[in-house]
Amino acid sequence: MSTSPDQPHIVSLVLQSKKALQHGESLCSRASSISSASAQCAIDVLALDAKVKWISNAVLEQLKLAASVAKNMETKRLEIERQAKQWDSQKSQRADALDAILESLGGQVVPRGFHETSSDTSLFGSQHSEDEEHASPNGTGVDGIDRKKTGSGNDRSGWKSLRDFVDERAIDEMLESMENDRAGLEDVLSTTADYPTTLSGHITTIRDSLPKESHVPTIESVLLAQDKASTDMAGHLESLAAHYEQMAGALRDHEAGDAFSEDDLQDMNRDTEELPAIIVELEENVSTIGRLHEQLQRAKTAAQEHISLHRAVLDDLDELGEIMTDMLQHQEQIQADCVERLSHLQAHLMTLEDLRHKYTSYQFSYNKLLIEIARRRQYCEAAENIVKGMMAQLEAMTEEEHIVRQEFNAEHGQYLPSDLCPSIEDPPTNWEIVPYGGEREDVLPDIDNDLLVEAKDRTAGSEAGLGASQSL
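Residues numbered from 1 in each chain as written. Predicted model: local features only at pLDDT ≥ 70, side-chain atom pairs only at ≥ 80, totals over all residues. Heavy atoms only, no water.

On to the environment of E273, then. Of note, E273 is situated in helix 6 (residues 262-273). C-alpha separation for the pair E273 and S17, spaced 256 residues apart in sequence, amounts to 9.6 Å. (Helix = DSSP H or I, 4+ residues; strand = E, 2+ residues; numbered from the N terminus.)

Attention shifts here to the pattern of salt bridges. Enumeration according to the criterion identifies 18 salt bridges in this entry. The salt bridge involving R163 is made with E103; its shortest N-O contact spans 3.4 Å. Residue R163 is found in the loop between strand 2 (160-161) and helix 3 (168-190), and its partner E103 is found in helix 1 (residues 10-106); the two are separated by 60 residues along the sequence. When its relative accessible area of 21% is taken as the criterion, R163 is described as partly exposed. A residue is classified by how much of its surface remains accessible, and E103, at 55% relative accessible area, is exposed. The residue R405 makes a salt bridge to E401 at a minimum N-O spacing of 2.8 Å. Taken together, the residues span about one helical turn, with R405 and E401 both in helix 7 (residues 275-412) at a distance of four residues. For E401, a relative accessible area of 32% gives the class partly exposed. (Salt bridge = Lys/Arg side-chain N within 4 Å of Asp/Glu carboxyl O. Buried < 20%, exposed > 50% of the residue type's maximum accessible area, 1.4 Å probe, protein only.)

It is the contact of helix 4 (residues 195-209) with helix 7, at a shortest axis distance of 10 Å, that shows an interaxial angle of 170 degrees. It follows that helix 4 is roughly antiparallel to helix 7 by the angle criterion. Touching Y195, T198, L199, H202, I203, I206 and S209 of helix 4 are V313, D316, L317, L320, I323, M324, M327 and H330, all from helix 7. Grouping the constituent residues of the contact of helix 4 with helix 7 by class yields 10 nonpolar, four polar and one charged. (Axes fitted to C-alpha atoms, helices over the stretch in contact; angles between N-to-C directions. Parallel < 35°, antiparallel > 145°, perpendicular 65-115°, else oblique. Contact = heavy atoms within 4.5 Å. Nonpolar A, V, L, I, M, F, W, Y, C, P; charged D, E, K, R; others polar.)

With 15 residues, helix 4 extends 21 Å between its outermost C-alpha atoms, agreeing within 8% with the 21 Å of an ideal straight helix rising 1.5 Å per residue. Contacts from the buried residues of helix 4 go to helix 1 and helix 7. (Expected span 1.5 Å × (residues − 1).)

Looking at the secondary structure, you find R182 in helix 3. If we ignore the near neighbours within four places in the chain, the residues touching R182 are A84, W87, D88 and L345.

Below, the discussion takes up the side chain of Q108. Tracing the chain through its elements places Q108 in the loop between helix 1 and strand 1 (109-110). Classification of Q108 by relative accessible area gives buried; the value is 18%. Here Q108 is in contact with K160, S161, L162, Q363, Y366 and N367, once residues within four sequence places are set aside.

Once that is clear, we can look at a nonpolar patch on the surface. A surface patch of nonpolar side chains, amounting to about 320 Å² of accessible area, comprises F408, L416, L420 and I424. Looking at the secondary structure, you find L420 in the loop between helix 7 and helix 8 (449-460). (Patch = residues over 30% accessible without salt bridge, like charges linked within 9 Å, V, L, I, M, F, W, Y side chains within 5 Å. Areas by Shrake-Rupley, 256 points an atom, 1.4 Å probe, with all protein chains shown as cover.)

Turning to the packing of aromatic side chains, a few remarks are in order. Given two aromatic rings, one states the distance between the centres and the angle between the planes to describe the pair. As enumerated under the stated definition, the model contains zero aromatic pairs in all. Taking the ring centre of F165 as reference, the NZ or CZ of K160 above it sits at 5.3 Å. (Phe/Tyr/Trp six-rings, centres within 6.5 Å; stacked < 30°, edge-to-face > 60°. Lys NZ or Arg CZ within 6 Å of the ring centre and 35° of its normal.)

Interpretation note: all reported values are geometric properties and have no functional meaning in isolation.
So, in structure tokens, the structure goes:
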């Protein structure tokens, strides 16, 4: 059968088939090159991603350590603040206790006769008051009252209180010194107050500057997608090659004189018309492989950018390390200073406690003084009563002695020479009374005991006869 004039010539179909095959081969070659580049790119992405993750994890570990250091610094500072607040509480309690005893001293009066004008030697300091400073040399004040005598009556408006003998100026100076030392501790603590916040800010900044994970398909999915596209292209290329072989064989048959039926020509024409669709599919596969390759390139570019960002992050991390080193050194100095200041403040608490004990003992001893003075007054009154009784008894004895002496002188004085113990005629005097431990001016001669015994023996049996003779 001859060829129909309106049918495409067999040569044209062969050329179209060859051209399609060559185009397909070119697309497959291009796809193969892109796939090879994608494989290398995938390896680079994996290496870069591993490096990024390693650096990120290392940075995060360093940031955790920095956060731990910041927390430790805050803990130490809070411990100092806790001790300072505990000191504030103890100071408040002891100051209130001191105020309470001072108030109690202010409510207890001291009679005028209980204190001197000057108290420079007092353990509580000099307590010159206005009325004492204007006191007259004889011990009376501007009101004309003798301050050496204890006041009496119900008017106690001019009396001092126990608090007037307290050196409150020294107490105020001590309290002011205490407050200054406490304020100094607070000033020292304030120098490190922002350290934890500053470190936390740096840590947050570095953590936020770390590159975020890119949301790209996994390497495996990209390579699998490329492999599927390559497999499809290989199938299309085989179809193009088979079609070309078929058309080349038909051309050889045509040149050999073979004639083709109308159906054969229509089949060849139909197959040739499908070639552009196959080329389109191949181009789409190439585009798919190209897009997947671009994804890998973008992932590689992103990983390289992450590496660049990490360099800046590592610089910031080095700077943070230097800041932390300076802060730690400074805080150690502040810590030692605060410990010393707290020790000094504790000494202030002991001073407050000593003052409270001192003034409590002062009040107690004053009350014991009142009791002791009352006891001594009772003693003096009892002794005075004894002396009064003894004086009355002494006067009675003296009167009786006077009568006895007169009787002796009247009876025996006339018989005694005047120069023999002339003092025998003296009346009784207090010089003859010798108190215990005192001295006596001798007015009577001492008599030995043997002479006294002899005299008693001589007078014992002759008193009756001598009396009758003297009466004659």
